[in-house]
Amino acid sequence: MKRLSIIILAALLPLACIREDRTKCPCYLHVDLGKVDRNYIGKVDLMLRETDPYGIPEWYPVESKYIGDTLVMPVNKSEFDFCAWGNLRRSVVEGGLITPSAESPDSLWSCYRPISTRCEDVYITVIPERQFIPVTILVRGMIEGISAVRPVLVDAKSVFSVASQSRQAPGAIYPKEVSSPATGGSYYHFQSLLMTQERATNLSLALSFVRDGRQVETSYPIGQMLLEQGEDISLSDRNPIIIDLVIGSASVFLTIRIEDWVTHAVIEITI
């Protein structure tokens, strides 16, 4: 593994060091990216923010060719929040917040550490944690004659803090249609990414479609259903979720499947 020295100007001390006064020397932050898997993480951004009420995040993009190496950064002697974010592409980064795209969210990974740099060298190994959960939504059953099928994940927490990783600002996520009867499929298939989030009991799935000229709308408390089945989506690296909706003549059945569940959660909504 290569050891790469990076000189970063913003918020960092000059390299000049006065031998008589060691307090004016920088601390060298060694960031080991050897555990970052290029197969899943193609873009890495490092963030440093002094841990005071007015600390401003400083972002340092890592060139893709250096993913897997060890970076060496001279930094001020202070207390910092350190975070490495993976795959920040379409997300909006403003100040201390990250807002993923509602219709095309990034497959975000992160690693957060509070660090003290009041010494000569600090070593960090970045161990990324997945901050998204793949969601598949299937709509099948008596779908002949229906149109305008639209699932929406409602009250999904969609904003990250760059350092503490707390989630805020409930919003909506619009899963992307992968296939449908109109494109040659035998059912409707949607996919999306759900960000890991705290207090997910309000998370719901809204489904709307048109049948025989009549607008039909249903809603399912999937956040509560997941928690009742022991699936805590506030944690990172959770298993993919499959939501299976079967449309009948007068009702819609919903089944949630998680890879390691023994039983499934099922709910019926009369339409």
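Procedures and definitions
- Residues numbered from 1 in each chain as written.
- Predicted model: local features only at pLDDT ≥ 70, side-chain atom pairs only at ≥ 80, totals over all residues.
- Heavy atoms only, no water.
- Core = buried A, V, L, I, M, F, W, Y, C linked by side-chain atoms within 4.5 Å.
- Buried < 20%, exposed > 50% of the residue type's maximum accessible area, 1.4 Å probe, protein only.
- Helix = DSSP H or I, 4+ residues; strand = E, 2+ residues; numbered from the N terminus.
- Contact = heavy atoms within 4.5 Å.
- Phe/Tyr/Trp six-rings, centres within 6.5 Å; stacked < 30°, edge-to-face > 60°.
- Lys NZ or Arg CZ within 6 Å of the ring centre and 35° of its normal.
- Polar contact = N/O pair within 3.5 Å; in protein donor to acceptor, adjacent residues only side chain to side chain.
- Pairing = 2+ DSSP bridges.

Visitor: What should I look at first to understand the nonpolar core in this one?
Guide: What tends to happen in soluble globular proteins is that the nonpolar side chains get buried as a cluster. Leu29, Val31, Leu46, Leu48, Phe82 and Val126 are the most contacted members of the largest nonpolar core, which has 37 residues in total. Within the residue set of this core, elements represented by two or more residues are strand E2 (27–32), strand E3 (44–50), strand E4 (58–62), strand E5 (70–75), strand E6 (79–86), strand E9 (109–116), strand E10 (121–125) and strand E16 (188–195). When residues in this core are grouped by element, the largest group, 5 residues, is from E6. If near-sequence neighbours (up to four positions away) are discounted, Leu46 is found in contact with Val31, Glu58, Trp59, Tyr60, Val62, Leu71, Met73, Phe82, Cys83 and Ala84. Listed in part, the 32 residues of the second largest apolar core include Val135, Ala156, Leu254 and Ile256.

Visitor: Quick question: what am I supposed to make of the packing of aromatic side chains here?
Guide: Each pair of aromatic rings is reported with the distance of its centres and the angle of its planes. Under the definition given, this model contains 4 aromatic pairs. Judged by centre distance (6.1 Å) and plane angle (40°), the rings of Tyr40 and Trp109 are tilted. Taken as a pair, Tyr40 in the loop between E2 and E3 and Trp109 in strand E9 lie far apart in primary sequence, 69 residues in all. Among the residues examined, Trp109 registers a relative accessible area of 15% and is labelled buried. For the pair Trp109 and Phe132, a centre-to-centre distance of 6.0 Å together with 75° between the ring planes defines the contact as edge-to-face. One end of the pair, Trp109, is in strand E9; the other, Phe132, is in strand E12 (residues 132–141), with 23 residues separating them in the sequence. The same class applies to Trp109 as to Phe132, namely buried. An aromatic cluster is present here, built from Tyr40, Trp109 and Phe132 joined pairwise through their rings. Here the guanidinium or amino end of Arg130 rests over the ring plane of Phe132, the centre of that ring lying 5.4 Å away.

Visitor: How should the side chain of Ser78 be read in this particular structure?
Guide: Among the structural elements, Ser78 can be located in the loop between E5 and E6. A relative accessible area of 10% places Ser78 in the buried class. Within polar-contact distance, the side chain of Ser78 engages the side chain of Glu50 at 2.6 Å. Those residues in contact with Ser78 that sit more than four places away from it in its chain are Glu50, Ile115, Ser116, Thr117 and Arg118.

Visitor: How should the environment of Ser91 be read in this particular structure?
Guide: You can see Ser91 is positioned in the loop between E6 and strand E7 (92–94). Residue class for Ser91 comes out buried when judged on its relative accessible area of 11%. In this structure, the C-alpha to C-alpha distance between Ser91 and Ser104, residues 13 residues apart in sequence, is 9.0 Å. In contact with Ser91, other than residues within four places in its own chain, are Ile98, Thr99, Pro100, Ser101, Asp106 and Leu108. A polar contact is formed between the side chain of Ser91 and the side chain of Asp106, at a distance of 2.7 Å.

Visitor: Help me out: how do you make sense of the pairing of strand E18 (residues 214–220) in this one?
Guide: If a strand is regular, its side chains alternate between the two faces of the sheet. Pairing analysis gives 7 bridges linking strand E17 (residues 204–211) to E18, with the strands arranged antiparallel. In the strand pairing of E18, Arg211 is matched with Arg214. The hairpin turn running from E17 into E18, its antiparallel successor, is 2 residues long, and Asp212 in that turn takes a positive phi close to 50°.

Visitor: What am I meant to see in the sheet that holds strand E11 (residues 129–130) here?
Guide: Sheet strands line up and pair through hydrogen bonds in the backbone, either parallel or antiparallel. Pairing is antiparallel in the open sheet, where 5 strands are placed in the order E4-E3-E6-E9-E11. Of all strands in the sheet, those with a lone pairing partner are E4 and E11, marking the two edges. Pairing between E6 and E9: 8 bridges, direction antiparallel. In the strand pairing of E9, Trp85 is matched with Ser110.

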